[in-house]
Every structure is written in C-alpha cells, then in structure tokens.
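Survey of secondary and tertiary structure
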Amino acid sequence: MKQIKIDEEKYPEFKHFLEKNKELKPLSIKSYYNNYIRIRKSIEPISEIGEKALINFIDNFEDSESWDSELPPSTNTLINIINIIIQIKRSYEQPFGLLLTKRNKLYKIRDENELDKISKLPNKRTINNYIKGLYNDGLYLKYIINFLIFHYYLKPKDLNIAIVNKITETKNHLHNYLVVSESHINLIRYGMKSADRNGRKSFSIKTKIFKEAIKNLIEERNESFDKNKLIFLLTTGNNKPLDISLQSKYIKNKLYNNLTHSDYHKINILDAIDTNNNLNFRNASERLGVEYNDLIKQYDIE
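Here goes a summary of the coordinates provided.

Thresholds applied
- Residues numbered from 1 in each chain as written.
- Predicted model: local features only at pLDDT ≥ 70, side-chain atom pairs only at ≥ 80, totals over all residues.
- Heavy atoms only, no water.
- Buried < 20%, exposed > 50% of the residue type's maximum accessible area, 1.4 Å probe, protein only.
- Helix = DSSP H or I, 4+ residues; strand = E, 2+ residues; numbered from the N terminus.
- Pairing = 2+ DSSP bridges.
- Core = buried A, V, L, I, M, F, W, Y, C linked by side-chain atoms within 4.5 Å.
- Contact = heavy atoms within 4.5 Å.

Comments concerning the pairing of strand β3 (residues 185–190)
Here β3 lies mainly inside the structure; six of its six residues are buried. Covered by surrounding structure in β3 are Ile185, Leu187 and Arg189 together with Asn186, Ile188 and Tyr190, the residues of both alternating faces. The sheet contact formed by strand β2 (residues 176–180) and β3 spans four bridges and is antiparallel. Note that in β3 the partner of leucine 178 across the bridge is leucine 187. Counting the residues that bridge the hairpin from β2 to β3 gives four residues.

Set out below in structure tokens:
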C-alpha cells in the first residue's frame, strides 16, 4: 500500500501516537489519521482536553464542524472517532476510563441495532426467488452478481472477475476468474486464507442457468474469447475493467432491497443454523475462507 503522508508539523500529537505504536499497519494508520484530521477540524489537540469535554464533543458530533453530511453519523462512525481519541490518550499515558465506558455504550447500541436488523432480514427463499427472477427478466449481470455474492459468499472487492475459457489465462493474481468449460464453470479466487500453494481456491459451479447467464452476458456485450482472452465482469464499457475501488459503490443498489453483501451472507448462514444444515454451514465456512470453529463461535452455536 502507498505510504500515507502525515503532516507532522501540523499534527505533532499524531506523530507522537505513531512513535508509541510502531507496529501499526499502513491501513490502520490511514484510518486513524483520517479520523484524527476530521476531529481536529473542531477541537484542539486531544491530549490537551479532558475526558468529559471529549465525550461532550462525541455526543454533539453531528453539530460540529467535523461532520459535513445532512445525515446523522452512524454508530460505527462515532466508534471510529472515539477509538483514535482513546489511542491518543493512551499514548500520552492520560486517563481514558470514561471514554472506554462511553465506547462500551456505543458498542451496545451497535449490537442492538444489528440484532434488530437481523430480525428484519428476508428469508433465504425470498432471496433465491429474487435471484431467479433476475435471470428470467434477462438481467444477466445483476443475476451473476447476486448469485456469486449469495451462494459463494463473495464480497464486492472479489468481483474483479475476468471470464475466460482456458485455465492457463488465470495466472494473474490481480483478478479472480470464471473459467467456462463444457460441463461447468470454475470460480477461481485469489487471496483466501485457505488457498492452495498457488495462492488460489477453486469452486465448481454446476448450476445450469448460471452458465447460461454467463453465455448470454457475453453475447449481449457482443464479446467473444476470439476477440478478448479476458472478458471482464464489471466494466465501464468496451471491456475496460471497473476500478476495484469503485466496485462497492457500483454493487450497492444491485442486491435485493438494497441489502449488503454481509446481509446476504447472514441470511444463508442463519438459514443453515435454523434448518440444522451442517453441509450448508460447512460450505459457508469454506467459501468465506473462515475456519469452521471460528464461524461457530461467531454465531454462538453450541
């Protein structure tokens, strides 16, 4: 990842925090820094402010100069804000007990909201019928996206897929692949923890209409493997692949009732639990790349 540039002269407090936390990964540093800059639009250095004043700032975050949206900040946003505040306090060895209590209250609110959302999720049959309806309506790209996210637990970033008809075209780790053969389609994913020695994991898709949807999509775009060895699933036109950073936004309104990929995964997993279908639960574990026992713990299954 590209090294993030820190304005150490303007924010010596953040520099101090980094010096005390040299083990932080670039992605964590970027997240902390972005939230720190946001906070500093409204207040003085965190180390110079008491806990009660900081909690008051968090309670009124929506009305501060740090928040520029018409919508109220989500609970996750507030948790991210309080996290960097706590980290700064810790780096200066200052008290942060009240801030921890506040964060725990936010965690509780988030968990309650999550439980409420889960209780309102549609059932598996509803999603299956929706996905089949997309195929019947000739919405082949939308069908393929929904099918892969729901049945194979892909995330938006995993949909940087190239469709090919030769396994030899799947060596570039920058893409995942759908390999078309006479009998089935192989989904090849890179970057999974359970990958083989070549860094990839393969799943055989034998659903007939999925293969038909791939064929119809290629024809709809007037593409062929003679013209392009790689036919990209998500494009900006003319077989130019969509930038991976834009995939989440692109897919956002493609799922049933604006659900998220995580919602789709939960629906499938909760159905496997409710129906005591151990095979489907093991499939979820394998396709998510999460250890079976870890998934059991995550969903509190005895």
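A closer look at the nonpolar core
Within the largest apolar cluster, 39 residues are counted, with the highest numbers of intra-cluster contacts made by Leu148, Leu159, Leu178 and Phe210. Among the secondary structure elements, those contributing two or more residues to this core are α6 (124–136), α7 (140–152), β1 (161–164), β3, β4 (200–205), α8 (208–220) and α10 (261–274). Here this core gets ten residues from one element, more than from any other, and that element is α7. Setting aside its immediate chain neighbours within four residues, leucine 178 contacts Leu148, Ile161, Ala162, Ile163, Val164, Ile185, Asn186, Leu187, Ile205, Phe210 and Ile214. Ranked by size, the runner-up nonpolar core spans 30 residues in total, among them Tyr36, Leu54, Ile58 and Ile86.

Concerning the environment of asparagine 280
Mapped onto the elements, asparagine 280 comes out in helix α11 (residues 278–288). By relative accessible area, which is 25% here, asparagine 280 ends up partly exposed. With 225 residues separating them along the chain, asparagine 280 and isoleucine 55 place their C-alpha atoms 45 Å apart. Discounting residues that sit within four places of it in the chain, asparagine 280 has contacts with Lys124 and Ala272.

Notes on unusual backbone geometry
Within the chain, glutamate 93 stands out as a residue other than glycine whose phi angle is a positive 55 degrees. At tyrosine 153, a residue that is not glycine, the phi angle is positive and equals roughly 60 degrees. Turning to its location among the elements, tyrosine 153 is positioned in the loop between α7 and β1. Owing to a relative accessible area of 4%, tyrosine 153 belongs among the buried residues under this scheme.

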